[in-house]
Amino acid sequence: MHLAVFNLLSNAVKFTGGRDPAVITISSEDEPEFTVFHVADNGAGFNMEYVHKLFGVFQRLHRMEDFQGTGIGLANVRRIVERHNGRVWATSKQGEGATFSFSIPKQHSTEA
């Protein structure tokens, strides 16, 4: 999970590089069956028409010249979260920032 959060924060820092001020927020929600985490920024954002491509290996929605990266960070996030039986998603408005979210099921004790 550490790597997943690190990748999301790294992306937020990368895509807010041209903002003054850059704003990145981390928040969570406590739901009955799972915990939801959000990493939001006021960076470049992306076109929601292509959101389905975000979590694929080597899928880029920005030019390599504009934002450096290998194209595997969000794919790693998805793989890590799914291995913990969670799910990951993103919302954005191009030019106004993005929010990346993931949910992780809570562990329930089976002891009586």
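Above: the structure in question.
Basis of the calculations
Residues numbered from 1 in each chain as written. Predicted model: local features only at pLDDT ≥ 70, side-chain atom pairs only at ≥ 80, totals over all residues. Heavy atoms only, no water. Helix = DSSP H or I, 4+ residues; strand = E, 2+ residues; numbered from the N terminus. Polar contact = N/O pair within 3.5 Å; in protein donor to acceptor, adjacent residues only side chain to side chain. Contact = heavy atoms within 4.5 Å. Phe/Tyr/Trp six-rings, centres within 6.5 Å; stacked < 30°, edge-to-face > 60°. Buried < 20%, exposed > 50% of the residue type's maximum accessible area, 1.4 Å probe, protein only.

1. Observations concerning the side chain of Ser92
Here Ser92 is to be found in strand β3 (residues 87–93). Within polar-contact distance, the side chain of Ser92 engages the backbone nitrogen of Phe46 at 2.8 Å. Within the structure, the side chain of Ser92 is placed 2.7 Å from the backbone oxygen of Gly97, a separation counted as a polar contact. In this structure Ser92 touches Gly45, Phe46, Met48, Gly97 and Ala98, once residues within four positions along its chain are discounted.

2. Focus on the packing of aromatic side chains
Describing an aromatic ring pair means giving the distance of the ring centres and the angle of the ring planes. Taken as a whole, this structure holds 3 aromatic pairs when the rule is applied. Ring geometry for Phe46 against Phe100: centres 6.1 Å apart, planes inclined by 45 degrees, an arrangement best described as tilted. A residue pair is termed long-range when its members are at least 10 positions apart, and Phe46 in the loop between β2 (34–41) and α2 (73–83) and Phe100 in strand β4 (residues 97–105) qualify at 54 residues. Of the residues examined, Phe46 reaches a relative accessible area of 4% and is grouped as buried. What makes Phe100 buried here is its relative accessible area of 9%. Between Phe55 and Phe100, the aromatic rings sit 6.2 Å apart at their centres with planes inclined by 80 degrees, giving edge-to-face as the arrangement. In this pair, Phe55 sits in the loop between β2 and α2 while Phe100 sits in strand β4, placing the two residues 45 residues apart along the sequence.

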